[in-house]
Amino acid sequence: MNIGHAAKASGVSAKMIRHYESVGLLPPASRSDAGYRLYGGKDVHTLLFIRRSRDLGFSIEEIRSLVSLWQDRARSSREVKVLARQHLNYLDRKLDELQSMKNALSHLVSCCHGDDRPDCPILESLAGIEK
């Protein structure tokens with residue numbers, strides 16, 4: 001199938017398919033006589049794997065490791081779990097950071113009168129002005 005069909009079948013844009021090839025997550029596609037990329041079912045399956053991994057927030061390097069582990073039938077699930085646990089810990093830290101940002105912004109929003117007056121605690125805080 002051509003790149004458009006592979007994109008549709010996998011839910012990954014043609015641009016991202018080319019990118020995944022360029023960074024080595026997907027092996028280089030075979031080419032038609034006219035030079036167009038050609039993909040098979042295995043490629044689409046790999047693209048689906050990559051897409052699901054991206055949906056879970058794994059980085060390109062983490063996905064590279066996951067794809068390698070997925071393709072290695074002699075792997076231990078321990079390796080996969082370690083990688084997933086590390087990513088889960090990262091997500092927990094990120095959630096804490098986001099919650100902290102939300103709390104700070106929520107406080108600023110509650111302090112702002114939101115009326116016709118020019119003074120605004122949100123802008124003052126962003127400008128570093130202490131009152």
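To be clear, the structure that these remarks concern was listed above.
Let us look at the structure shown here. (Residues numbered from 1 in each chain as written. Predicted model: local features only at pLDDT ≥ 70, side-chain atom pairs only at ≥ 80, totals over all residues. Heavy atoms only, no water.)

As for the pattern of salt bridges
Within the structure shown, the criterion is met by 5 salt bridges. Glu-21 is the salt-bridge partner of Arg-37, the closest N and O atoms lying 3.3 Å from each other. Taken together, the residues Arg-37 in strand β2 (residues 37-38) and Glu-21 in helix α2 (residues 14-22) connect sequence positions 16 residues apart. Classification of Arg-37 by relative accessible area gives partly exposed; the value is 22%. With relative accessibility at 13%, the residue Glu-21 sits in the buried group. Of the charged contacts in the structure, one is a salt bridge between Arg-64 and Glu-61, with a shortest N-O distance of 3.1 Å. Of this pair, Arg-64 and Glu-61 are both found in helix α4 (residues 60-71), 3 residues apart, which corresponds to roughly one turn of the helix. Taking relative accessible area as the criterion, Arg-64 reaches 29% and is therefore assigned partly exposed. (Salt bridge = Lys/Arg side-chain N within 4 Å of Asp/Glu carboxyl O. Helix = DSSP H or I, 4+ residues; strand = E, 2+ residues; numbered from the N terminus. Buried < 20%, exposed > 50% of the residue type's maximum accessible area, 1.4 Å probe, protein only.)

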